[in-house]
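Residue strings, one per chain:
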Amino acid sequence: TVRQIRKLKVDVVADMVCDDSVTSLYLSQFCSPTASRIGLGKNRHKKYYDFNYLYRTGDSSHVVDNTLKLLTAFGIETDNLERHVPPDVDKSGYETAERFVASLNGSEHSKLIGLNISAGRPSRVWQAEKNQELIQLLLNKYQSCQIVISSDPSDRDRAVRLSDKFDQRVTVIPAGLNLLEVSAIISKLMLLITPDTSLVHIARAFRVPVVGLYTRFAKNFELWRPFNQNGGAVISGNDYNIFDIEVAELFEEVVKLMPEECG
């Protein structure tokens, strides 16, 4: 890989690994010997970079704001840049989302609450019985809304079993959709409930309110909380999993953030 990059003769190498990684240092130094090097959050290795800024150390700003600091290396001011930039969904992706929404009750204007049950690590996956209890609370309070469940393909059977617990107003997103098509469906939601995963940031890119479930570890929620939103991060008392988050505290956060038209 290094040989392939060296052939490109790049002028700038940006090392986006936000700590003193020896591997990233090696790659940034040898993939293009004459390139300028930008580092993020380097301490012990900062002398090897032409430009470096603190990323995590002593900085609790959101990852979006921190990442934009990369542009300051090029003399670009970031204060007034648009930060809510939706994924590049094409027309067919939005048409797929509109057909799905219309299929729920024959209307494109259904009020939808999203519930994502999957995450990259088992420690970030909430218990099935808690998801079931949460859905029942949502159905009881928001009787004009429908619940849309999303999941990783490997969790689809679990999502279907959860949906089958309810007679109506709970639907699983269709199988076989790609991430951009799922993103288009997310853009139609009134609110998304999800563990700490990429869907948090996709939803906020569309300015959809998010209630996210976070571990306490290393104040991860400070960097990866729902962007540009007051509240929405429900934090476990555990450093390594979200299992102790209670349904009542999550539901309370949902009520705070739910748009008034769903009340």
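Above this text is the structure in question.
Overview of the structure. Since this is a predicted model, take the numbers as computed values, not measurements. (Residues numbered from 1 in each chain as written. Predicted model: local features only at pLDDT ≥ 70, side-chain atom pairs only at ≥ 80, totals over all residues. Heavy atoms only, no water.)

### Let's talk about the overall build of the protein chain
Broken down by element type, the protein chain carries 10 helices and 9 strands. Summarising its shape, the C-alpha atoms of the protein chain cover approximately 65 × 40 × 35 Å along the three principal directions. Taken over 263 residues, the protein chain has a buried fraction of 45%. In the protein chain, the proportion of contacts linking residues at least 24 apart, taken out of those at least 6 apart, comes to 56%. Split by element, the accessible area of the protein chain, about 14200 Å² in all, is 50% carbon and sulfur. The centroid of the 31 positive side-chain charges in the protein chain is displaced by 6 Å from the centroid of its 33 negative side-chain charges. (Helix = DSSP H or I, 4+ residues; strand = E, 2+ residues; numbered from the N terminus. Buried < 20%, exposed > 50% of the residue type's maximum accessible area, 1.4 Å probe, protein only. Contact = heavy atoms within 4.5 Å. Areas by Shrake-Rupley, 256 points an atom, 1.4 Å probe, with all protein chains shown as cover. Lys, Arg positive; Asp, Glu negative; His and termini not counted. Charge placed at Lys NZ, Arg CZ, Asp CG, Glu CD.)

### Re the sheet that holds strand β2 (residues 36-40)
Ordered by their spatial adjacency, 3 strands build an open sheet running β1-β2-β3, and the pairing between neighbours is parallel. The strands lining the two open edges of the sheet, one partner per strand, are β1 (12-15) and β3 (51-53). Across this sheet, the average inter-strand angle for adjacent strands is 10°, counted without regard to direction. In the sheet, β2 pairs with β3 via 3 bridges, with the strands oriented parallel. Residue pairing across strands places Gly-39 opposite Asn-52, the latter belonging to β3. Across the sheet, helix α2 (residues 22-30) lies against β1 and β2, angled at about 175° from β1, the strand it touches most. (Pairing = 2+ DSSP bridges. Axes fitted to C-alpha atoms, helices over the stretch in contact; angles between N-to-C directions.)

### Some words on the packing of helix α7 (residues 179-186) against helix α8 (residues 198-205)
One way to put it is that α7 packs onto α8 with a least axis distance of 9 Å and a crossing angle of 55°. Judged by the inter-axis angle, α7 sits oblique to α8. Considering how the two elements wind past one another, α7 and α8 form a crossing that is right-handed. Contacts between α7 and α8 involve Leu-179, Ser-183 and Ile-186 from the former and Leu-199, Ile-202 and Ala-203 from the latter. Broken down by class, the residue content of the contact of α7 with α8 amounts to 5 nonpolar, 1 polar and no charged. (Parallel < 35°, antiparallel > 145°, perpendicular 65-115°, else oblique. Left-handed = near helix turned anticlockwise from the far one by under 90°. Nonpolar A, V, L, I, M, F, W, Y, C, P; charged D, E, K, R; others polar.)

### Considerations on the sheet that holds strand β8 (residues 210-214)
Pairing is parallel in the open sheet, where 6 strands are placed in the order β6-β5-β4-β7-β8-β9. Looking along the sheet, the strands with just one partner apiece sit at the ends: β6 (170-172) and β9 (233-235). Taken pair by pair, the neighbouring strands of this sheet meet at an average axis angle of 20°, ignoring direction. Where strand β4 (residues 111-116) meets strand β5 (residues 145-150), 6 bridges bridge the pair, whose relative direction is parallel. What sits directly across from Leu-115, in β5, is Ile-149. Strands in contact with helix α4 (residues 91-105) are β4, β5 and β6; relative to β5, the strand with the most contacts, it is inclined by about 130°. Those strands touched by helix α6 (residues 156-163) are β4, β5 and β6, and its axis lies near 165° from that of β6.

### Notes on the pattern of salt bridges
One pass over the structure, following the stated rule, counts 8 salt bridges. The salt bridge involving Arg-207 is made with Glu-82; its shortest N-O contact spans 3.2 Å. Here Glu-82 lies in the loop between α3 (63-68) and α4 and Arg-207 lies in the loop between α8 and β8, a separation of 125 residues in the sequence. Accessibility expressed as a relative area gives 48% for Glu-82, which makes it partly exposed. Between Asp-196 and Arg-124 there is a salt bridge, and its shortest N-O distance comes to 3.8 Å. (Salt bridge = Lys/Arg side-chain N within 4 Å of Asp/Glu carboxyl O.)

### Comments concerning the nonpolar core
One finds Ile-113, Leu-134, Ile-135, Leu-138, Tyr-142 and Ile-193 to be the most contacted residues of the largest nonpolar core, which totals 32 residues. Elements with a minimum of two residues in this core: β4, α5 (128-141), β5, α6, β6, β7 (191-195), β8 and α10 (247-257). At 5 residues, α10 tops the list of elements feeding residues into this core. If near-sequence neighbours (up to four positions away) are discounted, Ile-113 is found in contact with Leu-138, Tyr-142, Cys-145, Gln-146, Ile-147, Val-148, Leu-189, Leu-191, Ile-193 and Met-258. (Core = buried A, V, L, I, M, F, W, Y, C linked by side-chain atoms within 4.5 Å.)

### Let's talk about the packing of α4 against α7
Between α4 and α7, the least distance of the axes is 8 Å, while the angle of their chain directions is 55°. Relative to α7, the element α4 is oriented oblique. Crossing angle aside, the handedness with which α4 passes α7 is right-handed. Across the interface between the two elements, Gly-93, Tyr-94, Thr-96, Ala-97 and Phe-100 from α4 touch Glu-181, Ala-184 and Ile-185 from α7. A class-by-class count of the residues in the contact of α4 with α7 yields 5 nonpolar, 2 polar and 1 charged.

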